[in-house]
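Each chain, letter by letter, is given below.
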Amino acid sequence: MASILDEYENSLSRSAVLQPGCPSVGIPHSGYVNAQLEKEVPIFTKQRIDFTPSERITSLVVSSNQLCMSLGKDTLLRDGDACPHSIDLGKANEPNHVELGRKDDAKVHKMFLDHTGSHLLIALSSTEVLYVNRNGQKVRPLARWKGQLVESVGWNKALGTESSTGPILVGTAQGHIFEAELSASEGGLFGPAPDLYFRPLYVLNEEGGPAPVCSLEAERGPDGRSFVIATTRQRLFQFIGRAAEGAEAQGFSGLFAAYTDHPPPFREFPSNLGYSELAFYTPKLRSAPRAFAWMMGDGVLYGALDCGRPDSLLSEERVWEYPEGVGPGASPPLAIVLTQFHFLLLLADRVEAVCTLTGQVVLRDHFLEKFGPLKHMVKDSSTGQLWAYTERAVFRYHVQREARDVWRTYLDMNRFDLAKEYCRERPDCLDTVLAREADFCFRQRRYLESARCYALTQSYFEEIALKFLEARQEEALAEFLQRKLASLKPAERTQATLLTTWLTELYLSRLGALQGDPEALTLYRETKECFRTFLSSPRHKEWLFASRASIHELLASHGDTEHMVYFAVIMQDYERVVAYHCQHEAYEEALAVLARHRDPQLFYKFSPILIRHIPRQLVDAWIEMGSRLDARQLIPALVNYSQGGEVQQVSQAIRYMEFCVNVLGETEQAIHNYLLSLYARGRPDSLLAYLEQAGASPHRVHYDLKYALRLCAEHGHHRACVHVYKVLELYEEAVDLALQVDVDLAKQCADLPEEDEELRKKLWLKIARHVVQEEEDVQTAMACLASCPLLKIEDVLPFFPDFVTIDHFKEAICSSLKAYNHHIQELQREMEEATASAQRIRRDLQELRGRYGTVEPQDKCATCDFPLLNRPFYLFLCGHMFHADCLLQAVRPGLPAYKQARLEELQRKLGAAPPPAKGSARAKEAEGGAATAGPSREQLKADLDELVAAECVYCGELMIRSIDRPFIDPQRYEEEQLSWL
């Protein structure tokens, strides 16, 4: 497997070297495997345009996808559908020609096309200049320009439009820089000329005098400043200045006027090609250029363009010497174009591409001799395409993914930030860059930076960790582990546990080494803060929680109780925090933790400890918790605490139990029983009040009555025992015990069984006997006799001794006799009233036997309204008459269920009974047989009449009971409703 991977990596390295681009070395890395499924396209791809010119090509320019070329001395190639001077590259198969109309021998010297592709300048060898607009129809000479051999034009990218160039700069072979402006308007024969003005601005000089202006570039910075770069054969000049407010129409005159008294800054090189050329690289159309390349005798001056610098636009300048075989000698460069990372040099027989980062040649593209020598090369800034031409052919270069291998170059230069920027979308390459950066920082002893980079790579974890351990860089190792921990996925729990434990061990070891060293106090505090930040980090919370047990063990093994508590609080492991405070006798801090987090389970666990030391504060916390605590689970702690029997101990227990009963309304029997026991032991004066407040109903009290009785008896609380006896309805025991305490209390108990007069009399006799025999108080005995109307003098006389005289009972005996006499009179009156009532009843019965009713033939049933005499009927004293079956149907729904069942049974038996026989003998036989078999037919009819005809269905109770019954049966309501529609 290893050999396969090695071979695969070697193949990747070989394929990388064969591709044109910046030179690089294949760097194997771990963690990624890339499969190159298709051959990578080269950066620069040449394509010959399918076009054969009718005459030799003398010049070619391209801009904004518009191409213009001159053929021979008097012909322009154009697109017939677009404009007369350009070829629309989208329709390159439709070329058109435009004649310049020149009769002399003047040739095309150079052509210039602006950035919009709209304005074309044609400089002739006869020092004339022609102007052609993209939307125009003819070639127009520029009279003001005559006499100047134009070598360069600086277009105004800020103000130039399709109809006007705005102020532009023109460089000539005589070293003069002119300012001009062209307009595309055509006003007829006598209309305005296209050249609005043409005025001189400056003269460029070299040591021998004025020198040709080989290149001109004008730019405007974001801060409003203007920049002009002009080159001669050996010098590069910079003009920097700010135009006055509202002076846009003045163009560049103010900028060049600042250099009237002193020359502008310039770069000069000794060698001379006889010409030079300047190229800019602009990332996007209408944006500021980023880099420049100046082709001159000593090589190519390359650098960045920084519009923010006050004194010079050029920065990071570097001169790249020409490749071998290229230079002012036998093979001079003819033209240069600049891309993002390369500049391309045009030679007579080939094109060479040089990397601007390394200066190495990455492409040598030779042309066939049949096409002739190469003439020039230009770039279309809008598309990024490169164009080269000979006298007989046109070629186009496509630039594809130029930055693909730039990261390798930056990596070899140790410019890691740029390397990462250019491989951000390629994880494998980014991993390689990070690994190299980490190694570099490690060699430079920048261990923390190295750890941050290593954490982002796919390098083997063990190797990196050992690397820092061998270097004794615990801080960097901790940084590496932290960043690795932050990158773990939720499923990688094992790795997370390992990293968190290791980090904790590193921090604890470092804190232990720094602790106690006065010189390292600041470092100790910083490390402590870092450790706490690690423990409290939200990103690590999940991992720390999963490995909290091992971390607590580490903290305990190092004896770091402070951080043990801190970590427990973060993990919300308050049980451990409270236990720690209790072990160190910091009970108030423990209670503060409990009160702050309000966890009932922690209260149940630690209350037995805390109540022995801070009972009042703990009970306050219990009361503050309110119903969140189950008082039953706190009883063991209270029992253990109150076993000492001290007043303070019992009072705190009573305070919480009273809160539970009176405020929370607890009904648990265990709580009430415990409160009773506390009252019985420590506060007997509250015992009876509690019992009386609980009530006298055995079903409504919440304590155990038997337990309460035993408890009160054990502690000698007789009044409380009497109350419990009363609740238990043990009135005899209550009176017996009350007589030992107070006679009045016994009297209250004797009056309680109000419905049982016999028992009340018995209880009062007990009281009377006690008063007479135990207290020997006749007056009190007589008072008892007066208090209870059930007692008579004859009931209490046996209790008095024989020597007591009758004078003591004279009044009582007289009262008794009067009561007897009154009772006899009442009985006589009741007997007389009963006799009179019996006589009235007999008289009413006699009258009822003689009552009758008359039924007329036209009388009808009150229910069905049919003649009554057609069927068996009932006649009631109220006058209502019903057929038997109609009455049965009306009465049945109002009968209870058991009477309905009885009615059905009677109907069934009556239907099964034999009909009455004719003749007296047979009737008697039938009656005898029925008597032996069951109820007779007459008896069944009588039972049926009693059930059905006991009262009139319209005048009796049945009608009253049906007052809440709806008139229409709910089950038939819809049917009845539809019948009315």
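Above: the structure in question.
Computed from a predicted structure; not experimentally measured.

(A) Main features of the overall build of the protein. Secondary structure assignment for the protein yields 35 helices and 33 strands. For the protein, buried positions account for 44% of its 981 residues. Considering only contacts in the protein between residues 6 or more positions apart, those separated by 24 or more positions represent 51%. Summed over all atoms, the accessible surface of the protein reaches about 53,300 Å², with 50% contributed by carbon and sulfur.

(B) Spotlight on unusual backbone geometry. One non-glycine residue with positive phi stands out, namely Asn65, at about 65°. Here Asn65 shows up in the loop between strand 2 (57-63) and strand 3 (66-71).

(C) Inspection of the packing of aromatic side chains at higher detail. Tallied over the full model, the rule gives 26 aromatic pairs. Geometrically, the ring pair formed by Phe416 and Phe440 is tilted, given 5.4 Å between the ring centres and 50° between the ring planes. With Phe416 in helix 4 (residues 416-421) and Phe440 in helix 5 (residues 427-443), this residue pair connects regions lying 24 residues apart in the sequence. When sorted by exposure, Phe416 lands in the same class as Phe440, which is buried. Through pairs of rings, three or more aromatic residues link up here, namely Phe442, Tyr447, Tyr454, Phe461, Phe468, Phe480 and Trp502. The ring of Phe367 carries Lys46 above its face, with NZ or CZ at 4.0 Å from the centroid. The ring of Phe395 carries the charged tip of Lys46 above its face, separated from the ring centre by 5.6 Å.

(D) Region of interest: the pattern of salt bridges. Counted by the stated rule, this structure contains 32 salt bridges. Where Glu179 meets Arg199, a salt bridge forms, and the shortest distance between an N and an O atom there is 3.3 Å. Here Glu179, found in strand 13 (residues 176-182), pairs with Arg199, found in strand 14 (residues 195-203); they are 20 residues apart in sequence, far enough to count as distant. Among the residues examined, Glu179 registers a relative accessible area of 0% and is labelled buried. For Asp885, the salt bridge goes to Arg871, with nearest N and O atoms at 3.4 Å. Here Asp885 is found in helix 30 (residues 884-891), whereas its partner Arg871 is found in the loop between helix 29 (810-849) and strand 32 (873-875), with 14 residues between them in sequence.

(E) Fine view of the packing of helix 17 (residues 615-625) against helix 19 (residues 647-663). Here helix 17 crosses helix 19 at 5°, and the two axes come no closer than 10 Å. With respect to their mutual orientation, helix 17 and helix 19 come out roughly parallel. For the pair formed by helix 17 and helix 19, the contact residues are Pro615, Arg616, Val619, Asp620, Trp622 and Ile623 on the first element and Gln648, Gln652, Arg655, Tyr656 and Phe659 on the second. Its residues placed into classes, the contact of helix 17 with helix 19 shows six nonpolar, two polar and three charged.

(F) Up close: the environment of Val153. Position of Val153 relative to the elements: it lies in strand 11 (residues 150-154). Measuring from C-alpha to C-alpha, the distance between Val153 and Asp114 comes to 8.9 Å, with 39 residues separating the pair along the chain. With near-sequence residues (within four places) excluded, Val153 lies in contact with Phe112, Leu121, Ile168, Leu169 and Leu216.

(G) View of the sheet that holds strand 10 (residues 140-141). Taking strand neighbours across the sheet as the criterion, the four strands line up as 7-8-9-10 in an open arrangement whose pairing is antiparallel. The strands lining the two open edges of the sheet, one partner per strand, are strand 7 (108-113) and strand 10. Pairing of strand 7 with strand 8 (residues 119-124) involves five bridges; the strand directions are antiparallel. In the strand pairing of strand 8, Leu113 is matched with Leu120.

(H) Region of the structure containing the sheet that holds strand 25 (residues 335-338). Ordered in space as 25-26-27-28, the four strands form an open sheet in which the pairing is antiparallel. Each end of this open sheet is capped by a strand with a single partner; those strands are strand 25 and strand 28 (361-366). Averaged over all pairs of adjacent strands, the angle between their axes in this sheet comes to 15°, without regard to strand direction. Inspection of the sheet shows strand 27 (residues 350-355) paired to strand 28 by five bridges, in the antiparallel sense. When the sheet's bridge partners are listed, Val351 is paired in strand 28 with Asp365.

(I) Structural context of helix 18 (residues 631-642). Over its twelve residues, helix 18 runs 15 Å from end to end, which matches the ideal 16 Å to within 8%, given 1.5 Å per residue. Turning to helix 18, its buried residues are Ala631, Leu634, Ile635, Ala637, Leu638, Tyr641 and Ser642. Looking at the buried positions of helix 18, the neighbouring elements they touch are helix 16 (600-610), helix 17, helix 19 and helix 20 (669-682).

The rules behind each value
- Residues numbered from 1 in each chain as written.
- Predicted model: local features only at pLDDT ≥ 70, side-chain atom pairs only at ≥ 80, totals over all residues.
- Heavy atoms only, no water.
- Helix = DSSP H or I, 4+ residues; strand = E, 2+ residues; numbered from the N terminus.
- Buried < 20%, exposed > 50% of the residue type's maximum accessible area, 1.4 Å probe, protein only.
- Contact = heavy atoms within 4.5 Å.
- Areas by Shrake-Rupley, 256 points an atom, 1.4 Å probe, with all protein chains shown as cover.
- Phe/Tyr/Trp six-rings, centres within 6.5 Å; stacked < 30°, edge-to-face > 60°.
- Lys NZ or Arg CZ within 6 Å of the ring centre and 35° of its normal.
- Salt bridge = Lys/Arg side-chain N within 4 Å of Asp/Glu carboxyl O.
- Axes fitted to C-alpha atoms, helices over the stretch in contact; angles between N-to-C directions.
- Parallel < 35°, antiparallel > 145°, perpendicular 65-115°, else oblique.
- Nonpolar A, V, L, I, M, F, W, Y, C, P; charged D, E, K, R; others polar.
- Pairing = 2+ DSSP bridges.
- Expected span 1.5 Å × (residues − 1).

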